[in-house]
Amino acid sequence: MGKAPKKRSLADKVRKTKTSSEIKNNPFEVKINRKKFDVLGRKSKHDVGLPGVSRSKAVNKRKETLLKEYKQKNRCSKFIDRRFGEYDTKMAPEDKILQRFTMERQRVHEKKDVYNLNEEEELTHYGQSLAEMEKFNDVVNSDDESEEKGLLSAELTASHFGGGGGLLRKKALGEEEEGGQRAKSRQELIEELIQKSKQEKRERQVQREEAQELTEKLDQDWKNIQSLMVKKTPKADKQEEKPKLEEYDMMVRELGFEMKAQPSEKMKTPEELAKEEREKLQKLEADRLRRMMGEEVVEGAQSQIHFSADDLNDDDTMQNSFVTLVEEEEEEEEEEEEEEGSGEDDGHSDLESEQESENEEEEEASPKPKKTLSKEEVKAQQEAAKAELPYTFAAPESYNDLKDMLRGHTSDNQRLIVARTQKSNHPSLAVGNKLKLQKLFGFLLEYIGELATRSPPELSTIDKLIPEVYALCQMFPDAACKAMQSILGDAAHSMEETLEVKGHAAFPTLDMLIYLKVTALLFPTSDFRHPVTTPALLFISQALTKCPVRSLQDLTSGLVLCSLGVEYVSFSKRFLPELINFLVGTLHLAVQDKASLGYIVVPPFRASGKYSDLLVLSSSESCRSWSKKSLPLSATHYKTEMFIIVFFHRLTCLSTCLDLVKRCCLLYKDLPSFTHIFQPIRTLLSKHLSTQTLPEPLQVSYRFVSMPVTQSALVFDKRKPIPLKLLTPKIVEVLDYGKKRGSTREEREKERLKHKYKREFKGALREIRKDSRFLAREKLNEVMNRDAERKRKVKELMGSLATQEGEWKSLKRKKK
């Protein structure tokens with residue numbers, strides 16, 4: 001087997017390429033580009049030389065320019081002349097030299113004069129001149145000597161600082177000359193000086209005390225005669241003498257009397273608000289319990305009213321005009337002047353006013369004596385406290401607990417009990433309160449259903465409890481969603497079972513209708529798909545389709561379902577075909593002649609039969625006393641046999657149906673198939689339903705409803721579409737084929753410039769590509785050179801290590 005060929009390295013390949021590129025100087029291989037003639041202003045393309053010569057020239061040029069720039073990249077070795085005005089071509093050389101000399105002298109002068117103090121300037125310290133301070137003219141303060149501060153007697157100075165000898169000798173000589181008595185010793189003279197200085201100090205103190213007493217007496221006499229010096233002027237004269245305020249002064253005073261904004265309290269978190277509500281209820285409950293036990297409850301101080309910056313002050317007493325404020329100010333000034341002229345008994349003394357204010361503060365601070373209550377009053381207070389509702393309630397653990405808690409109370413009190421229960425058991429106050437309030441939501445729904453099934457139904461109580469149910473739903477949306485889903489699911493399941501057994505089902509009862517209404521209040525009805533409102537809407541559609549109308553009670557329930565359906569789709573404008581069919585069937589019940597119909601009646605109605613004349617009006621005289629009213633929900637719960645009540649109920653059902661038709665027309669007026677959808681209703685109102693037997697309010701409703709229904713939808717006139725404009729092509733005669741020339745000189749110049757631009761652009765791209773390939777080759781050469789150098793050094797190191805290893809092994813053998 002032959003040896004495998006060795007792989008050549010990248011350096012060997014480049015080296016061989018260089019050798020092969022060297023062309024021998026063969027005259028037969030010389031390339032000559034002959035030039036036929038010279039043209040002035042045209043670059044010469046004539047070149048004589050070997051193949052590849054021009055390429056080598058370009059390479060050499062790139063090595064001199066591009067390669068040098070690449071190697072000097074990211075290097076800063078340039079000399080920049082930063083002298084003043086070096087690069088300013090507008091300045092003359094003499095100006096540059098003069099400005100440079102000036103700047104140099106300023107720089108040297110600043111360095112030398114850092115510690116040079118100018119004698120002409122006056123130095124100061126804390127605003128006082130240092131020259132004045134060096135004179136030491138400050139007077140030494142003394143607490144004991146107020147008049148002769150810092151001055152010592154000549155005798156004391158001479159005795160202490162002059163040695164005392166000369167003064168003592170002078171005194172001794174004087175005494176000898178006077179009486180020839182015995183000369184005093186030094187100790188006696190010093191004691192005499194001390195006694196004299198103390199006596200002078202006592203005299204000065206006595207003088208100060210006498211001056212203080214005289215000053216106080218003078219102040220007291222001045223206060224006594226001050227009231228006699230004030231002359232009281234009549235009130236009328238004062239008003240005449242007062243100058244009239246100018247407009248500017250009035251504006252200034254108005255701004256002064258303007259109410260200033262007070263800082264508002266910080267926003268509190270829901271947890272803090274819940275805690276405050278519970279503490280407030282607990283305090284009120286404790287007061288109620290004390291009143292029940294007959295104890296006296298001290299009324300708290302009246303809370304201070306706080307005005308925030310955002311409050312709008314709508315009180316008339318706080319909105320005084322500027323004229324009123326000015327009048328009050330004038331009255332105050334007049335009162336002050338009257339007090340000043342009333343003499344000594346008018347309270348001018350500051351001591352008396354201070355004493356009066358202190359007495360008032362003491363009266364305000366002293367607690368009022370507690371009023372003792374008699375036995376009858378205490379008993380009445382206990383009865384009133386027992387009659388009050390408790391302020392705190394425990395959350396009910398079962399539905400029976402809730403019924404016991406609400407039994408015997410009015411609708412307002414029931415709402416108050418539920419609200420206080422919710423505040424006393426807020427989720428942020430304890431760990432288990434969240435689960436308790438979630439149970440309370442389910443209990444309230446069940447209680448609302450029970451109120452609806454009572455006879456008569458307590459609809460006012462349900463109306464009062466709805467806000468509390470809404471608050472719990474906002475607090476626990478997931479639990480509320482599950483509770484409503486269970487109610488709707490049970491109702492739909494029971495309806496399906498009834499339909500499987502009997503083939504038809506009864507209309508929902510009043511409690512289910514109220515549940516559907518509560519669903520629309522608690523959850524959004526405009527969503528495309530919602531876990532609660534979507535099943536509720538499907539339940540309404542199924543009831544309007546599968547429940548037959550066999551009485552006025554069924555018809556009332558159906559109309560209530562229709563109004564709920566319109567409410568559900570009022571925002572989303574979703575089309576409900578069951579709603580339109582039920583309204584058509586309701587109007588069909590009021591048609592007398594059902595022989596020839598121009599419309600189709602769909603279930604749950606029949607074109608003719610036992611229950612197809614429920615709304616037919618037989619008497620027109622009874623219609624005069626009827627007035628338009630809303631459809632009562634109680635009509636779905638009880639039956640009546642009185643003729644007049646039944647007749648009025650028919651008119652109410654027909655009026656409600658017409659109102660629903662009007663709402664549907666306004667709701668679906670933008671649909672493309674509006675005319676087709678309301679075709680049965682238009683035919684029924686215009687041809688089959690007579691308005692002669694209807695009362696006047698119902699005829700008005702009929703006219704309002706028939707106008708939008710009978711009007712056809714607006715459509716555009718059919719006309720032939722306007723075709724696009726066809727422009728005649730411009731034909732240009734071409735005389736010189738193969739050449740791109742324009743018709744005018746400007747166009748030819750434009751074409752020439754375009755051609756030149758394209759040629760230069762292509763040439764620039766070609767040169768850029770060549771430069772990129774050149775740089776790539778140079779980078780590759782650098783990498784290969786570094787790698788070759790590294791391999792060489794590694795080989796040398798490995799060789800030296802192998803040599804050291806051999807020497808070490810040889811030495812080891814010799815030692816053995």
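Just so it is clear, the model here is predicted, and its values are computed rather than measured.

A. The packing of aromatic side chains, seen in detail. For the coordinates displayed, the defined rule picks out five aromatic pairs. The interplanar angle of 75° and the centroid separation of 6.3 Å between the aromatic rings of Phe507 and Phe582 together place this pair among those described as edge-to-face. One end of the pair, Phe507, is in the loop between α19 (477-502) and α20 (510-522); the other, Phe582, is in helix α23 (residues 577-588), with 75 residues separating them in the sequence. Clustering of aromatic rings is evident, with ring pairs tying together Phe507, Phe582 and Phe605.

B. Main features of the pattern of salt bridges. Inspection of every chain in the model, using the stated rule, returns 18 salt bridges. Close ionic contact of Glu104 with Arg107 constitutes a salt bridge, the shortest N to O distance being 2.2 Å. Remark: Arg107 and Glu104 occur in helix α4 (residues 93-112); sequence separation between them is three residues, near one turn of the helix. A relative accessible area of 38% places Glu104 in the partly exposed class. Since its relative accessible area comes to 41%, Arg107 is described here as partly exposed. Here Glu789 makes a salt bridge to Arg792, at a shortest N to O gap of 2.2 Å. Within this pair, Glu789 and its partner Arg792 are both found in helix α28 (residues 745-815), separated by three residues, close to a single helical turn. Glu789 sits in the partly exposed class, given a relative accessible area of 33%. What you see here is one network of salt bridges that share partners, running through Asp81, Arg83, Glu86 and Arg100.

C. The arrangement of the side chain of Arg62 in detail. The residue Arg62 is located in helix α2 (residues 53-64) in this model. Looking at Arg62, the relative accessible area reads 11%, which means it is buried. If near-sequence neighbours (up to four positions away) are discounted, Arg62 is found in contact with Leu67, Glu767, Lys770, Asp771 and Phe774.

D. Representation of the nonpolar core within the structure. Ranked by size, the top nonpolar core spans 106 residues in total, and within it Phe441, Leu516, Leu555, Leu561, Phe582, Leu587 and Phe678 carry the most contacts. The greatest single-element share of this core, amounting to 12 residues, is contributed by helix α24 (residues 643-667).

E. Region of the structure containing the packing of helix α17 (residues 433-453) against α20. One way to put it is that α17 packs onto α20 with a least axis distance of 8 Å and a crossing angle of 135°. Considering their axes alone, α17 and α20 lie oblique with respect to each other. Pair α17 / α20 crosses with right-handed handedness. Every residue of α20 that contacts α17 at Phe441, Leu445, Glu446, Ile448, Gly449, Ala452 and Thr453 is listed here: Leu510, Asp511, Ile514, Tyr515 and Leu522. The residue makeup of the contact of α17 with α20, split by class, is eight nonpolar, two polar and two charged.

F. Inspection of α19 at higher detail. Helix length check: α19, at 26 residues, gives a terminal C-alpha distance of 37 Å against a target of 38 Å (1.5 Å per residue), a fit within 8%. Of all the positions in α19, only Ala480, Cys481, Ala483, Met484, Leu488, Ala491, Ala492, Met495 and Leu499 are classed as buried. Downstream of α19 by a residue or two, Gly503 has a phi angle that is positive, lying close to 90°.

G. View of the state of the cysteines. A full pass over the atoms with the stated rule returns zero disulfides. Distance from the sulfur of Cys481, which forms no disulfide, to the nearest cysteine sulfur (Cys473) is 8.6 Å. Left without a disulfide partner, Cys657 is nearest to the cysteine sulfur of Cys562, which lies 7.7 Å away.

Definitions and cut-offs
- Residues numbered from 1 in each chain as written.
- Predicted model: local features only at pLDDT ≥ 70, side-chain atom pairs only at ≥ 80, totals over all residues.
- Heavy atoms only, no water.
- Phe/Tyr/Trp six-rings, centres within 6.5 Å; stacked < 30°, edge-to-face > 60°.
- Helix = DSSP H or I, 4+ residues; strand = E, 2+ residues; numbered from the N terminus.
- Salt bridge = Lys/Arg side-chain N within 4 Å of Asp/Glu carboxyl O.
- Buried < 20%, exposed > 50% of the residue type's maximum accessible area, 1.4 Å probe, protein only.
- Contact = heavy atoms within 4.5 Å.
- Core = buried A, V, L, I, M, F, W, Y, C linked by side-chain atoms within 4.5 Å.
- Axes fitted to C-alpha atoms, helices over the stretch in contact; angles between N-to-C directions.
- Parallel < 35°, antiparallel > 145°, perpendicular 65-115°, else oblique.
- Left-handed = near helix turned anticlockwise from the far one by under 90°.
- Nonpolar A, V, L, I, M, F, W, Y, C, P; charged D, E, K, R; others polar.
- Expected span 1.5 Å × (residues − 1).
- Disulfide = S-S within 2.5 Å.

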